[in-house]
Amino acid sequence: MVYFQNAKNFETIVDTDTFKAKLKIGDILSINVSTLNLEVTKPYNLVEATGGDGGGQLIDYLIDADGNIDYPVLGKIKMIGLTVEEAKALLKKKFEQGQLLKDPVVIMRIKNYRVSILGWVNNPGVYPISGERISILEAIAMAGDLNINGKRKDIMVIRDFNGTKTYTEIDLTSKEVFNSPVFYLTQNDIVYVKPNKGGISRASGDSRIGVISSVAGIIVSLAVILTR
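What counts and how
- Residues numbered from 1 in each chain as written.
- Predicted model: local features only at pLDDT ≥ 70, side-chain atom pairs only at ≥ 80, totals over all residues.
- Heavy atoms only, no water.
- Pairing = 2+ DSSP bridges.
- Helix = DSSP H or I, 4+ residues; strand = E, 2+ residues; numbered from the N terminus.
- Axes fitted to C-alpha atoms, helices over the stretch in contact; angles between N-to-C directions.
- Buried < 20%, exposed > 50% of the residue type's maximum accessible area, 1.4 Å probe, protein only.
- Contact = heavy atoms within 4.5 Å.
- Polar contact = N/O pair within 3.5 Å; in protein donor to acceptor, adjacent residues only side chain to side chain.
- Expected span 1.5 Å × (residues − 1).
- Arc of directions from axis to C-beta.
- Core = buried A, V, L, I, M, F, W, Y, C linked by side-chain atoms within 4.5 Å.

### Remarks on the sheet that holds strand β7 (residues 105–110)
The strand order across the open sheet formed by three strands is β4-β1-β7, and the pairing between neighbours is antiparallel. Of all the strands in the sheet, the pair left with one neighbour each is β4 (60–62) and β7. For this sheet, the mean angle separating the axes of adjacent strands, direction not counted, is 30 degrees. Two strands pair when backbone bridges link them, and strand β1 (residues 28–34) and β7 are joined in this way by six bridges, in the antiparallel orientation. Bridging across to β7, N32 finds its partner in I107.

Written out as structure tokens, the structure reads:
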């Protein structure tokens, strides 16, 4: 099955998508704050001990059911619906308005950014994403592409945003895939590849073979018992 079948030779498609992942309930954030005076940033860079050598790693922040994180000194901060850049700007603003830090630099990333790829692909599984943006084509490539029995015209993307699920179908055989609202995946998206007719027939055939094998086994066992 050929992908992007209606794309013409030398055709230009301009990517006007300004997609940026937005923070959701349940997201886990890594936040590091720095200034020229590292001593004054210690209250905002709390460390969780990981061994007896005095070392440790920065604690992470969970966006709770109300869409907030509980941040040192600043308290509850609403993060839901913000992009990472907007969340960083919000923290920086609060530091400056409260005259807590001068010219702070905020580094933030989503630690639980992953996508699940299920169905008729060569390597289904859950894949962690190191950046903040991945296309469905890149995700499918990570899963080893669709196998011969995967349905390329009807791939489903299941997206959850704070308890509301959306189901969107995407067609890899059309160039319109680049204009799909789910071309770029958000954290915890599920990509499900349905079986084509060959895959359904194969699955049904496997099932019948299993039944036939079981029946044959019973017949052989009975024959052995009767001949004793």
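### Comments concerning the side chain of S116
For S116, the position within the fold is in strand β8 (residues 114–119). Judged by relative accessible area, which is 18%, S116 ranks as buried. Setting aside chain neighbours within four positions, we find S116 in contact with G125, V126, D189, I190 and V191.

### Thoughts on the environment of A143
For A143, the location among the structural elements is in the loop between α2 (136–142) and β11 (150–161). Separated by 20 residues in sequence, A143 and N123 have C-alpha atoms that sit 4.7 Å apart.

### So, the environment of D60
Tracing the chain through its elements places D60 in strand β4. With a relative accessible area of 33%, D60 lands in the partly exposed category. Along the sequence, D60 and I31 sit 29 residues apart, while their C-alpha atoms lie 7.1 Å from each other. With near-sequence residues (within four places) excluded, D60 lies in contact with I28, L29, S30 and K111. A distance of 3.3 Å separates a polar atom in the side chain of D60 from a polar atom in the side chain of K111.

### Quick word on the pairing of strand β5 (residues 68–71)
In terms of strand pairing, β5 meets strand β6 (residues 75–78) through four bridges, oriented antiparallel. The residue bridging Y71 from the neighbouring strand is G75, located in β6. Linkage of β5 to β6, two consecutive antiparallel strands, is achieved through a turn of three residues, within which V73 is found at a positive phi near 70 degrees.

### Quick notes on helix α1 (residues 84–97)
For α1, spanning 14 residues, the distance from its first C-alpha to its last is 20 Å, which sits close to the expected 20 Å at 1.5 Å a residue. Within α1, the full set of buried residues consists of V84, A87, L91 and F95. Considered in projection along α1, the buried side chains sweep an arc of 75 degrees and stay on one side of the axis. Against the buried residues of α1 lie β1, β5, β6 and β7.

### Side note on the nonpolar core
Counting residues in hydrophobic clusters, the biggest one holds 45 residues, and the most contacted among them are I31, I69, Y71, M79, L91, I136 and I155. Residue contributions to this core peak at four residues, all from α1. The contact partners of Y71, leaving out residues within four places of it in the chain, are I31, V33, Y44, Y61, I77, L91 and F95.

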